[in-house]
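# Observations on the three-dimensional arrangement
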Amino acid sequence: MVLPFTEESPSRPGLPASLRQDLVDVVGEEHVLTDSRTAGYVVDWTGRYRGFASAVVRPRDTSEVSAVLALCSAAGIPVVPQGGNTGLVGGGVPLAGELVLSLGRLDSLGPVDRAAMQVTAGAGITLAQLADAHPDLDFGVAIASRHSATVGGAIATNAGGVRVLRNGPMRAQIRGVEAVLSDGTVLSHLSGLTKDNTGYDYPSLLAGSEGTLAVVTKARLRLVPRLRDPIVAVLGLPGLAELHRLAIRAVQEIPGLVSAEFFTRTGLDILLDNTDLTPPLDAPAEAYLLLEASETAALDALAELAGDLPVAVARSAADRARLWAYRERHPEAAGFLAPPLKLDVSVPAARWVELATSVGGVVTAVDAGARVITFGHVADGNVHVNIAPAAEADGRHQDAVFSYVASLGGSISAEHGIGALKADWLPLSRTAAEREIFARVRAAFDPAGILNPGILPR
């Protein structure tokens, strides 16, 4: 049960009455929540991180965001910006009673600039809405949570997804941003110029900043040509080493390759037991490679690549969606067993097989009863390590996985950010000098220190 947060609740500091009224004057009474309606804003998607909020404030545009932040800065009230609340590392949860600045109402979507292949979108627009903005164009970032994940959150975490191989992560889609600093100052650079060397590229800096530097309220984003009659194939392989070799060949040999994804029998069996999915192939395999290509010419190359391997090929929209479901529903798998730990990591391509084949043993060495499900984007060195722990989730799992990843020259965060889940292990991926420059950049953007204060060095 989530209790109302009021000044009369001494264990959960409430919002000063005068500040609450000032916020109401800016956004309206119905958009300042201080009661049980805050419940959905104080827990993350995994259910593992749960906090409490002094208030949830829902502005409708940049000017209201500016006014809210100016009030909070003057009052010294810490703020956690929040988009679709689909984060997986606790970075958007008010763990210490911060005010939640919910950006869902910033849902303006401008006309598509067909010549530039760009569109300006509010921070609350979902990635699915972007993808549907024009019949001939698509958005380059595709993630399983695209129907709820928003532009602001995707920028804040530099979201990747299943088409990084072709289009790059969220940072690569940005052609300009409008953002508000903690004191209410508005920065707006939405011209969308592909070439613009007039100073620091702060829009790129905001990508991956996890809401610690400024609050993104709008973005100018590039669009890409929509795939016409793409081909999707799922191939069954005897192991991850064979899968990796085949994926490398696919990148080199298949024209118009868009995605190269993997999952394993372990995760698939859990999904088959708990959902309405049926097996993708006639006989089970230990590892599965999903490939999507944009060109009809890829069909012959796919056939040559598959050889005698079991394979399912889809060309219709319904069949493509059916095959993609096996991969896109994998984030659910560990959640059927326990509140999951989601440790997305990456390593150099040459070390991928070591990581993918050994990380399960690394986890069970510190928690013998843990269930480990791996999946991810095989062509860019990424493995999503999802753990359903049996032992107490006291940091032992992160310590084991992240230390192993660091020994392979990898990163403790490939896509999801650092958040609360990985904060203690940032030194494994970033030197003291780097962390110091992070803190100096942060102090320059947010000298009051009110933006997502529990996340990243400051």
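Computed from a predicted model, the values in this text were never measured in an experiment.

Conventions used here
Residues numbered from 1 in each chain as written. Predicted model: local features only at pLDDT ≥ 70, side-chain atom pairs only at ≥ 80, totals over all residues. Heavy atoms only, no water. Helix = DSSP H or I, 4+ residues; strand = E, 2+ residues; numbered from the N terminus. Rg over C-alpha atoms; globule rule 2.2 N^0.38 Å. Buried < 20%, exposed > 50% of the residue type's maximum accessible area, 1.4 Å probe, protein only. Contact = heavy atoms within 4.5 Å. Lys, Arg positive; Asp, Glu negative; His and termini not counted. Charge placed at Lys NZ, Arg CZ, Asp CG, Glu CD. Axes fitted to C-alpha atoms, helices over the stretch in contact; angles between N-to-C directions. Parallel < 35°, antiparallel > 145°, perpendicular 65-115°, else oblique. Left-handed = near helix turned anticlockwise from the far one by under 90°. Nonpolar A, V, L, I, M, F, W, Y, C, P; charged D, E, K, R; others polar. Pairing = 2+ DSSP bridges. Core = buried A, V, L, I, M, F, W, Y, C linked by side-chain atoms within 4.5 Å. pLDDT = per-residue confidence, 0-100. Salt bridge = Lys/Arg side-chain N within 4 Å of Asp/Glu carboxyl O.

A word on the overall build of the protein. When you go through the protein residue by residue, the secondary structure sums to 13 helices and 17 strands. Computed over its C-alpha atoms, the radius of gyration of the protein comes to 22 Å, within 12% of the 23 Å expected for a compact globule of 458 residues. A total of 458 residues make up the protein; the buried ones form 53% of that total. Across the protein, contacts joining residues at least 24 apart in sequence account for 74% of those joining residues at least 6 apart. Looking at charge distribution, the protein has the averaged site of its 38 positive side-chain charges lying 2 Å from that of its 50 negative ones.

The next subject is the packing of helix α11 (residues 352-364) against helix α12 (residues 396-407). Orientation of α11 relative to α12, taken along the N-to-C sense of each, is 150°, at an axis distance of 10 Å. One element, α11, and the other, α12, form an angle in the roughly antiparallel class. Pair α11 / α12 crosses with right-handed handedness. Along its contact with α11, which presents E354, L355, S358, V359, V362 and V363, the element α12 presents H397, A400, V401, Y404 and V405. Classifying every residue of the contact of α11 with α12 gives 8 nonpolar, 2 polar and 1 charged.

Moving on: the sheet that holds strand β15 (residues 341-346). Strand order in the open sheet made by the 7 strands is β14-β11-β13-β12-β16-β17-β15, with antiparallel pairing throughout. With partners counted over all chains shown, the strands left at the sheet margins are β14 (311-314) and β15, one partner each. For this sheet, the mean angle separating the axes of adjacent strands, direction not counted, is 15°. The sheet contact formed by strand β11 (residues 231-237) and strand β13 (residues 287-293) spans 7 bridges and is antiparallel. When the sheet's bridge partners are listed, V232 is paired in β13 with E292. Of the strands in this sheet, β11, β13 and β14 are in contact with helix α9 (residues 298-306), which crosses β11 at around 0°. Against the sheet, α11 makes contact with β12 (257-264), β15, β16 (371-376) and β17 (382-388), and its axis sits at roughly 10° relative to β17, the strand it touches most.

Next up on the list: the environment of L271. Mapped onto the secondary structure, L271 falls in helix α8 (residues 265-274). Separated by 92 residues in sequence, L271 and V363 have C-alpha atoms that sit 21 Å apart.

Glancing now at the nonpolar core. Membership of the largest hydrophobic core comes to 52 residues, with the highest contact counts inside it found for I254, L291, W352, L355 and V401. Element by element, the count of residues in this core is highest for α11, at 6 residues. Apart from the residues within four sequence positions on either side, V401 is in contact with L343, V345, V359, V362, V363 and I387. Membership of the second largest hydrophobic core comes to 29 residues, among which are L127, V177, L181 and L221.

Looking at the protein, the pLDDT average stands at 92 and 97% of residues meet or exceed 70. Between residues 1-11, whose pLDDT stays under 50, and residues either more than four places distant or in other chains, the model counts 19 contacts.

Opposite charge on two side chains makes pairing possible when the charged atoms of those side chains draw close. Applying the stated rule across the entire model yields 20 salt bridges. The partner of E64 in a salt bridge is R60, with the nearest N and O atoms 3.1 Å apart. The exposure class of E64 is buried, given its relative accessible area of 8%. Two residues, R265 and E286, come together in a salt bridge whose shortest N-O distance is 3.1 Å. With R265 in helix α8 and E286 in the loop between α8 and β13, the pair connects residues that are 21 residues apart, well separated along the chain. Residue classification places R265 among the partly exposed residues on the basis of a relative accessible area of 31%. Through salt bridges with shared partners, a single ionic network connects D138, R163, R226 and E292.

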